[in-house]
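Given next are the chains, with one letter for each unit.
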Amino acid sequence: MALYVYKFGGTSVGTVERIRAVAEKVKAARDRGDQIVVVVSAMSGETNRLLGLATQIQAQPQPDSRELDVLLSTGEQVTIALLCMALHELGCPACSYTGGQVKILTDDAHTKARIRSIDDQSMREDLARGKVVVVAGFQGVNDRGWITTLGRGGSDTTAVALAAALQADECQIYTDVDGVYTTDPRIEPRARRLKQITFEEMLEMASLGSKVLQIRAVEFAGKYNVPLRVLSSFTEGEGTLINYEEPKMEQALISGIAFNKDEAKLTITGVPDLPGGASKILGPIAEANIEVDMIIQNIAGDDTTDFTFTVHRNDLQRALEILQVVREQLGAGKVTGDDGIVKVSIVGVGMRSHAGIASTMFKTLADEGINIRMISTSEIKISVVVDEKYLELAVRALHSAFHLDQELPA
Ligand code: ADP
Ligand code: ASP
Ligand code: MG
């Protein structure tokens with residue numbers, strides 16, 4: 001007998017018919033003798049609908065984050081009840097739990113809380129009685145019992161955390177694609193499903209913008225060594241296994257391409273080239289709790305530098321206002337902001353042992369006439385910032401240049 005945690009995302013539970021189909025899949029697994037814990041998201045569109053209601057009531061300043069969590073968590077509560085009813089209808093014993101009922105304890109960071117501990121006792125008792133346990137994703141409670149949520153896409157993290165707590169044999173994330181692809185198949189139809197990808201690569205892909213899995217879910221799975229698989233809710237198949245095993249030498253140098261459309265770029269020109277310049281610019285940005293991603297600094301001939309960095313698009317206006325103040329203090333030149341950019345990244349553990357990958361990437365983009373505005377690299381990834389209008393062209397050209405559309409030799 002194996003213990004599985006299954007997670008079904010919004011589209012997989014988007015209608016009553018789909019909830020019925022999920023119930024059938026879960027029942028079939030239980031009938032095979034396995035113990036099943038199911039984590040569900042809100043029905044598709046529901047979290048956005050709730051967010052829309054909140055902003056209709058209060059757009060500026062943003063609604064109180066404690067109240068937002070009370071509101072947003074209701075989406076998942078609807079689905080757990082409906083799924084349990086669908087299971088009962090099939091004669092399958094099942095019991096629903098909100099995050100608070102399980103006791104998924106989190107910190108106090110409303111709307112982006114982190115899980116601290118999970119009480120697995122009641123779930124284990126239910127499983128021992130032959131019940132399917134159905135848990136609301138994306139939510140927990142802090143130590144005062146206040147409802148918290150785990151950030152968009154957070155049901156993935158609930159599933160992995162439960163799998164770690166219950167020492168499940170595997171955590172299976174059922175979604176609307178049949179695995180992790182070489183890139184988002186919505187952008188490159190020739191993208192291929194990967195049979196396997198390492199935690200390290202998946203973590204890079206997720207943090208560079210591939211929203212197929214929430215970053216924290218991958219972090220959690222890597223830390224607690226939870227075998228994680230992404231599969232389709234709608235078709236049969238083995239999906240993609242995410243584990244520690246590195247691919248063999250003959251496998252691809254690049255595993256995937258990620259992109260992020262959520263960033264914006266800011267530049268301050270004519271900054272006096274003196275010690276402390278970067279800190280005077282980025283210090284106030286950090287104090288305002290604005291996260292900075294890529295940074296470049298160019299030295300000009302006249303002892304001044306131009307300084308460019310990227311932030312989340314939602315933070316662009318605030319960052320611009322801060323930079324205007326900094327500009328006056330430093331006697332710098334001009335401040336500009338640009339949200340028409342996108343970050344495109346190639347990821348692969350194969351990069352460690354091979355030279356020339358960056359030059360292939362840059363040449364490919366040059367051949368397409370795509371201007372690279374910023375570059376950053378780490379051991380297993382290279383990211384470039386390009387104009388947003390080139391997103392599809394850049395992704396498709398790189399996908400083909402690194403032969404990602406070709407099946408690897410077995
Ligand atoms: P769910 O609602 O089930 O959590 P998501 O929308 O969060 O589903 O994640 C699935 C989507 O992720 C896919 O429909 C796909 O467009 C997108 N995606 C982005 N990058 C990738 C990738 N590399 N492989 C597969 N899907 C990806
Ligand atoms: N319902 C939440 C969201 O839309 C959490 C999730 O689906 O994972 O982000
Ligand atoms: Mg998701």
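Residues numbered from 1 in each chain as written. Chains lettered and ligands numbered in written order. Predicted model: local features only at pLDDT ≥ 70, side-chain atom pairs only at ≥ 80, totals over all residues. Heavy atoms only, no water.

Core analysis: the largest hydrophobic core is formed by 43 residues, its most contacted members being V5, V37, V135, L162, C171 and I242. Top element by residues in this core is helix α6 (residues 155-165). It accounts for five residues. Excluding its chain neighbours within four sequence positions, the residues that come into contact with V135 are V37, V38, V39, V40, I80, Y97, V102, I104, M123, T158 and L162. (Core = buried A, V, L, I, M, F, W, Y, C linked by side-chain atoms within 4.5 Å. Buried < 20%, exposed > 50% of the residue type's maximum accessible area, 1.4 Å probe, protein only. Helix = DSSP H or I, 4+ residues; strand = E, 2+ residues; numbered from the N terminus. Contact = heavy atoms within 4.5 Å.)

Turning our attention to the site of ligand 1. Residues in close proximity to ligand 1 total 17 residues, the closest being T175, D176, Y181, D184 and R186. G10 is positioned such that a nitrogen or oxygen atom in its backbone is 3.3 Å from an oxygen atom of ligand 1. Within the side chain of T175, one N or O atom sits 2.6 Å away from an oxygen atom of ligand 1. Within the complex, 84% of the 570 Å² of free accessible area of ligand 1 lies under protein. (Near = heavy atom within 4 Å. Polar contact = N/O pair within 3.5 Å; in protein donor to acceptor, adjacent residues only side chain to side chain. Areas by Shrake-Rupley, 256 points an atom, 1.4 Å probe, with all protein chains shown as cover.)

Topologically, P189 is positioned in the loop between β9 (170-175) and β10 (196-198). As a C-alpha pair, P189 and I242 span 53 residues in sequence and 22 Å in three-dimensional space.

Position of V70 among the secondary structure elements: in helix α3 (residues 65-89). With 40 residues separating them along the chain, V70 and H110 place their C-alpha atoms 9.8 Å apart.

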